[in-house]
Amino acid sequence: MKKSFVFKSSQCTGCRACELACSMHHRKIFDPNVSSIHINKVEDGFEIVINNMKSGQRLACDLCGNEGKEKQCVKYCSPLFKKELEKYFDIMVGGNTEKDGGESI
Ligand code: SF4
Ligand code: SF4
């Protein structure tokens, strides 16, 4: 299994609401250090990294299975970007990440 999936976007606003929503989902706290999703600034936008496996403090993404299938990171994402973010999960779960514009590491 791939450790994480990385997508780059110029549409992500970098607000990091997804990180807080994810830590709240996992631990009922606001702590981006434990989030499965994290956002890095890159030259032409932002890099969205989704951890598929636990890594240090970071917990594995469980697709918010206990939240009625509503991904909390998508729920609180910018209205301008949430469809795109949801698409990344579809690619991560069932698609060819490299072919569809992401990267598996
Ligand atoms: S779908 Fe994954 S990355 Fe998004 S909030 Fe849920 S556990 Fe975190
Ligand atoms: S919540 Fe959405 S727009 Fe904000 S940083 Fe996360 S992926 Fe980007």
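Note that the coordinates shown come from a computational prediction; the quantities given were computed from them, not determined experimentally.

## So, the overall build of the protein chain
- Looking only at helices and strands, the protein chain features three helices and four strands.
- For the protein chain, the α and β elements follow one another from N to C terminus as β-α-β-β-α-α-β.
- Sorting the 105 residues of the protein chain into buried and exposed places 28% on the buried side.

## What to know about the environment of glutamate 47
- With respect to the element layout, glutamate 47 can be found in strand β3 (residues 45-51).
- When the C-alpha atoms of glutamate 47 and phenylalanine 7 are compared, they prove to be 5.7 Å apart, with 40 residues separating the residues in sequence.
- Once you skip the residues sitting within four places of it in the chain, glutamate 47 turns out to touch Val6, Lys8, Asn40 and Val42.

## A word on the site of ligand 1
- If you check the shell around ligand 1, you find 13 residues, and the closest are Cys22, Cys61, Cys64, Lys71 and Cys73.
- Per-element accounting of the shell around ligand 1 gives the leading share, three residues, to helix α1 (residues 17-27).

## Notes on the nonpolar core
- Counting residues in each nonpolar core, the largest one holds 19 residues, and the members touching the most others are Cys18, Ile37, Ile48, Ile50 and Cys73.
- Of all elements in the fold, only β1 (4-9), α1, β2 (37-42), β3, α2 (72-75) and α3 (82-94) reach the threshold of two or more residues within this core.
- Not counting chain neighbours up to four residues away, the residues in contact with isoleucine 50 comprise Ser4, Phe5, Ser36, Ile37, Cys61 and Met92.

## Topic: the environment of asparagine 33
- Position of asparagine 33 among the secondary structure elements: in the loop between α1 and β2.
- Sequence spacing of asparagine 33 and leucine 20 is 13 residues, and the spatial spacing of their C-alpha atoms is 9.4 Å.

## Section: the pairing of β2
- Taken together, the six bridges between β2 and β3 define a ladder with antiparallel strand orientation. Directly across from isoleucine 39, in β3, lies its bridge partner isoleucine 48.
- Turn length for the β2-β3 hairpin, with the two strands adjacent in sequence and antiparallel, is two residues.

## Here's the deal with α1
- The set of residues buried in α1 consists of Cys18, Glu19, Ala21, Cys22, Ser23 and His25.
- On its buried face, α1 sits against β2 and α2.
- Looking one or two residues past α1, lysine 28 carries a phi angle of roughly 60°, positive in sign.

About the cut-offs
Residues numbered from 1 in each chain as written. Chains lettered and ligands numbered in written order. Predicted model: local features only at pLDDT ≥ 70, side-chain atom pairs only at ≥ 80, totals over all residues. Helix = DSSP H or I, 4+ residues; strand = E, 2+ residues; numbered from the N terminus. Buried ≥ 20, exposed ≤ 12 C-beta atoms within 10 Å, placed from the backbone. Contact = placed C-beta atoms within 7 Å. Near = placed C-beta within 6 Å. Core = buried A, V, L, I, M, F, W, Y, C linked by C-beta atoms within 7 Å. Pairing = 2+ DSSP bridges.

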